[in-house]
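Examining the three-dimensional arrangement
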Amino acid sequence: MPARPLPAAANETREQRIEAIMKELRPRIEATVRQMVERAVDVPEAEEFGAIDFEFRDAGQQLANEVRQASLVSRKKRGT
């Protein structure tokens, strides 16, 4: 019995997989960073530390979750 051909995504190089995930995530990453920078610029001096730190931490955690999700989807496409 002949071997099943691998999906095209399985033949991608590591760099191609990274670039594909980055291309998918880049708009969300840039939007999140933009919001963080705007918040940092607009925050009153009295609030410079404290609540804004939690907002930044939450934004970072959300980005990390999006990276994990995108990498899982990429793995599923490759069939690994």
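Residues numbered from 1 in each chain as written. Predicted model: local features only at pLDDT ≥ 70, side-chain atom pairs only at ≥ 80, totals over all residues. Heavy atoms only, no water.

1. Regarding the overall build of the protein
Just so we agree on the cut-off: Only runs of H or I of at least four residues qualify as helices and only runs of E of at least two qualify as strands under DSSP, and these elements are numbered from the N terminus. Each residue's exposure class comes from its accessible area (1.4 Å probe, protein chains only) as a fraction of the maximum for that residue type: buried when under 20%, exposed when over 50%, partly exposed otherwise. Surface exposure here means Shrake-Rupley accessible area, sampled with a 1.4 Å probe, where a residue is shielded only by the protein chains that are shown.
Helices and strands together make up the secondary structure of the protein, namely 2 helices and 0 strands. The 80 residues of the protein split such that 14% are buried. Summed over all atoms, the accessible surface of the protein reaches about 6600 Å², with 57% contributed by carbon and sulfur.

2. Focus on the environment of Val37
Position of Val37 relative to the elements: it lies in helix α1 (residues 14-42). Considered as a pair, Val37 and Phe56 are 19 residues apart in the sequence and their alpha carbons are 9.7 Å apart.

3. Let's talk about the pattern of salt bridges
Opposite charge on two side chains lets them pair, provided their charged atoms get close. We count it as follows: Counted as salt bridges are all cases of a side-chain nitrogen of Lys or Arg within 4 Å of a carboxyl oxygen of Asp or Glu.
Scanning all chains against the criterion turns up 5 salt bridges. The residue Asp58 makes a salt bridge to Arg57 at a minimum N-O spacing of 2.8 Å. You can call Arg57 partly exposed: its relative accessible area is 42%. Each of the salt bridges in this network shares a partner with another, and the network as a whole consists of Glu24, Arg28 and Glu66.

4. What to know about the packing of α1 against helix α2 (residues 51-78)
Note the threshold: Geometry is summarised by axes, namely lines fitted to C-alpha atoms with helices restricted to the contacting stretch, and by angles between N-to-C directions that run from 0 to 180 degrees. Note that the term roughly parallel is reserved for angles under 35 degrees, roughly antiparallel for angles over 145, roughly perpendicular for angles of 65 to 115, and oblique for everything else. By definition in these notes, contact holds between two residues if any of their heavy atoms fall within 4.5 Å. For this classification, the nonpolar set comprises Ala, Val, Leu, Ile, Met, Phe, Trp, Tyr, Cys and Pro, the charged set comprises Asp, Glu, Lys and Arg, and every other residue, Gly included, is treated as polar.
At a closest axis distance of 10 Å, the pairing of α1 and α2 adopts a crossing angle of 170°. It follows from the interaxial angle that α1 and α2 lie roughly antiparallel. Where α1 abuts α2, its residues Arg17, Ile21, Glu24, Leu25, Arg28, Ile29, Thr32, Met36, Arg39 and Ala40 lie against Ile52, Glu55, Phe56, Ala59, Leu63, Glu66, Val67, Ala70, Ser71, Ser74 and Arg78. The residue inventory of the contact of α1 with α2, partitioned by class, reads 11 nonpolar, 3 polar and 7 charged.

5. A short note on α1
Rules: By this rule, a helix spans an expected 1.5 Å times one less than how many residues it contains. Here the bend at a residue means the angle between the axes of two seven-residue stretches, the one that ends at it and the one that starts at it.
Between its first and last C-alpha atoms α1 spans 40 Å; for 29 residues at 1.5 Å apiece the expected length is 42 Å, and the two agree. Where α1 bends most, at Leu25, the angle is about 45°, and the proline Pro27 comes one to four residues later. When we look at burial in α1, the residues that qualify are Ile21, Leu25 and Thr32. As for α1, its buried residues are in contact with α2.

6. Points about α2
Residues three or four positions apart in an α-helix share a direction because the helix packs 3.6 residues into each turn. For α2, with 28 residues, the first-to-last C-alpha span of 41 Å sits near the 40 Å given by 1.5 Å per residue. Within the span of α2, buried status applies to Ile52, Ala59, Leu63, Glu66, Ala70, Ser74 and Arg78. In this fold, the buried residues of α2 make contact with α1.

7. Remarks on the environment of Gln16
For clarity, the threshold we go by: Pairs of N or O atoms within 3.5 Å make up the polar contacts considered here, provided that, within protein, one atom can donate a hydrogen while the other can accept it, and that residues adjacent in sequence are counted only when both atoms are side-chain atoms.
Within the fold, Gln16 resides in helix α1. From its side chain, Gln16 meets the backbone nitrogen of Thr13 in a polar contact 2.7 Å long.

Read these as spatial facts, not as claims about activity.
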